[in-house]
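# Secondary and tertiary structure notes
This is what each chain is made of:
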Amino acid sequence: MTMAAEARAIECGLAVVHPWLCDAMGHLTTRNYLGMFDDAAYQLFALLGYDAAAAEAEHWGWADVRHEIDYRAELRAGAVVRVDGRVTALGRSSIQCAYRLFDRAAPTPAAMLVAKTVCFDLAARGARPLPPEIIAQAAKQFGVMPRSA
């Protein structure tokens, strides 16, 4: 990630690695890394203008279609962590985001996720265009505009 991109990333998650989130070796389990990233995605989308109640009334939501995770460092019980995130690309109906999970005691990420999420029409069971307010906020916050079709 470039320095400019790092500067655009925003904090979108804080958590603690509790013992019950760890595996038999005392490390945060894979499923719980993804859970922390998933929570951060909801926070990031809310910052972009996503309103869950309004979306439910309009019968749309989000569907994750791709995740790529790099695990860089172990996280043990007691670690205090934060997640930052940013929008990296927009399509007609999709949004791609990059997230970094840090142990607050370390300067480098413990894990990184690139996620592609589709704006989803719950009645039609298919993709729908991204809401204009989310596109506008992604442009304002992260300098990202939709790819040309």
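Overview of the structure.

This brings us to the nonpolar core. If you look at the biggest cluster of nonpolar residues, it comprises 37 residues, and the most contacted ones within it are Leu-75, Val-87, Tyr-99 and Leu-101. Elements represented by at least two residues in this core include exactly α2 (30-47), β3 (80-90), β4 (94-103), β5 (111-121) and α4 (132-142). The leading source of residues in this core is α2, at seven residues.

The subject of this paragraph is the state of the cysteines. What the rule picks out here adds up to zero disulfides. For the unlinked cysteine Cys-12, the closest cysteine sulfur is that of Cys-97, found at 8.5 Å. The class of Cys-12 is buried, set by a relative accessible area of 4%.

Moving on: α4. Turning to α4, its buried residues number three or more, namely Ile-134, Ile-135, Ala-138 and Phe-142. Taken down its axis, α4 places every buried residue within 100° of arc, on the same side. Turned more than 90 degrees from where α4 packs its buried face, Pro-132 and Lys-140 sit exposed. One or two residues past the end of α4 sits Gly-143, with phi positive at roughly 65°.

What counts as what
Residues numbered from 1 in each chain as written. Predicted model: local features only at pLDDT ≥ 70, side-chain atom pairs only at ≥ 80, totals over all residues. Heavy atoms only, no water. Core = buried A, V, L, I, M, F, W, Y, C linked by side-chain atoms within 4.5 Å. Buried < 20%, exposed > 50% of the residue type's maximum accessible area, 1.4 Å probe, protein only. Helix = DSSP H or I, 4+ residues; strand = E, 2+ residues; numbered from the N terminus. Disulfide = S-S within 2.5 Å. Arc of directions from axis to C-beta.

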